[in-house]
Protein chains: 2
Amino acid sequence: MEADVCKRLGGNLKRLRTAAGRSQEDFAHDADIHRTYISDLERGARNPTIRVVDRLAKALGVSMGDLLD
Amino acid sequence: MEADVCKRLGGNLKRLRTAAGRSQEDFAHDADIHRTYISDLERGARNPTIRVVDRLAKALGVSMGDLLD
DNA sequence: GTGTGACTCTGAGTCCGTC
DNA sequence: CGACGGACTCAGAGTCACA
């Protein structure tokens, strides 16, 4: 909870994506987001807008809170 | 739930802020965000980054999920 | 399959106001 | 107190070649 928001998102994203057994490439395609951008996000190297996070959540079938809290 | 993310955030923000009995100006100061930007956010006219939403959540004492879900 | 630096262009975020 | 407009700067969106 004390980690940076971007790191938190990155960790949650990677955890949920791998739990679903999907590669970054496949997931990027489903979420309609560039492959390298997903890579950046999972590393916590980007500070995305809520519209991007919304697309991630929908593609994973989870709530935004699951990705950010 | 099907509304745009920005509209959802705006509604939740306004509801939680007024429930706490605070003005946009005071709240903007606490969250260290400009007053005009808070106004824009509550109207759903902006697409903020997750770092901004994190500051909003902390200033309100709620989780990010409370603001976005 | 994924990490990374570099790039362009759009919009996030700030600040000046007025109504 | 809050909506809204104009103008500005810099960071995010989106992409690529390469490691």
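Note that the structure is a prediction, hence the values are computed from the model and not measured.

Cut-offs and rules
- Residues numbered from 1 in each chain as written.
- Chains lettered and ligands numbered in written order.
- Predicted model: local features only at pLDDT ≥ 70, side-chain atom pairs only at ≥ 80, totals over all residues.
- Heavy atoms only, no water.
- Least-squares fit on C-alpha atoms with pLDDT ≥ 70 in both.
- Near = heavy atom within 4 Å.
- Polar contact = N/O pair within 3.5 Å; in protein donor to acceptor, adjacent residues only side chain to side chain.
- Helix = DSSP H or I, 4+ residues; strand = E, 2+ residues; numbered from the N terminus.
- Salt bridge = Lys/Arg side-chain N within 4 Å of Asp/Glu carboxyl O.
- Buried < 20%, exposed > 50% of the residue type's maximum accessible area, 1.4 Å probe, protein only.
- Nonpolar A, V, L, I, M, F, W, Y, C, P; charged D, E, K, R; others polar.
- UniProt positions renumbered as here; feature names shortened; annotations may be inferred.
- Contact = heavy atoms within 4.5 Å.
- Buried area = accessible area lost by both parts, 1.4 Å probe.

Peer 1: What am I meant to see in the relation of the copies chain B and chain A here?
Peer 2: Applying a rotation about an axis and a shift along it to one chain copy brings it onto the other copy. Taken as rigid bodies, chain B and chain A are interconverted by a rotation of 180° and an axial shift of 0.1 Å, the fit giving an RMSD of 0.1 Å. The two molecules are tied by a two-fold rotation axis, judged by turn and shift.

Peer 1: Even after reading the chapter, I still don't get the protein's contact with DNA strand D, so can you show me in this structure?
Peer 2: Around DNA strand D, the structure places 19 residues, and the nearest of them are Tyr 37, Asn 47 and Thr 49 of chain A together with Gln 24 and Arg 43 of chain B. Of what DNA strand D places within 4 Å of the protein, 71% of the atoms are sugar or phosphate. One of the side-chain N or O atoms of Glu 25 of chain B is found 2.9 Å from a phosphate oxygen in DNA strand D. Looking at the surface near DNA strand D, the elements with two or more residues in it are helix H3 (35–42) and helix H4 (50–60) of chain A together with helix H1 (5–19), helix H2 (24–31) and helix H3 (35–42) of chain B. With three residues, H3 of chain B is the largest single contributor of residues to the surface near DNA strand D.

Peer 1: How do you make sense of the pattern of salt bridges when you look at a structure like this?
Peer 2: Counting across every chain of the model gives 14 salt bridges over all chains. Salt-bridge contacts for Arg 51 of chain B lead to Asp 4 of chain A; the nearest nitrogen and oxygen are separated by 3.1 Å. In this pair, Arg 51 of chain B sits in helix H4 (residues 50–60) while Asp 4 of chain A sits in the segment before helix H1 (5–19), so the two residues belong to two different chains. One salt bridge in this structure joins Arg 43 of chain B and Asp 40 of chain B, with 2.4 Å as the shortest N-O distance. Given a relative accessible area of 52%, Arg 43 of chain B falls into the exposed group. One continuous salt-bridge network, built from bridges that share partners, spans Arg 8 of chain A together with Asp 54 and Lys 58 of chain B.

Peer 1: Sorry, what's going on with the protein's contact with DNA strand C here?
Peer 2: Around DNA strand C, the structure places 21 residues, and the nearest of them are Gln 24 and Arg 43 of chain A together with His 34, Tyr 37 and Thr 49 of chain B. Near-protein atoms of DNA strand C (within 4 Å) split between backbone and bases, with sugar and phosphate holding 58%. Asn 47 of chain B places a polar main-chain atom, nitrogen or oxygen, 3.2 Å from a sugar or linking oxygen of DNA strand C. Mapped by element, the contributors of at least two residues to the surface near DNA strand C are helix H2 (24–31) and H3 of chain A together with H3 of chain B. If one sorts the elements of the surface near DNA strand C by residue count, H3 of chain A sits on top with four residues. Across the surface near DNA strand C, the residue classes tally to four nonpolar, nine polar and eight charged.

Peer 1: I would appreciate a short explanation of the UniProt feature "domain: HTH cro/C1-type" (unreviewed entry) in chain A in the present structure.
Peer 2: Under the feature "domain: HTH cro/C1-type" (unreviewed entry), the UniProt entry names residues 13–67 of chain A. With 69% helix and 0% strand, the stretch residues 13–67 of chain A has end C-alpha atoms that lie 6 Å from each other.

Peer 1: Can you help me understand the interface of chain B and chain A in this one?
Peer 2: It is common to give the size of an interface as the accessible area that goes away when the parts come together. With 17 residues of chain B in contact, the opposing surface of chain A contributes 17 residues. Counting each side, the surface lost to burial between chain B and chain A is near 1,500 Å², with a carbon and sulfur contribution of 60%. Among the residues chain B hides against chain A, the three largest losses belong to Asn 47, Ile 50 and Arg 51 of chain B. Together they make up 39% of the total. Here chain B is connected to chain A by four salt bridges. In this structure, the connection of chain B to chain A is made through twelve residue pairs in polar contact (both at pLDDT 80 or more). Counting only elements with at least two residues in the side of chain B that touches chain A, the list comes to H1, H4 and helix H5 (64–68) of chain B.

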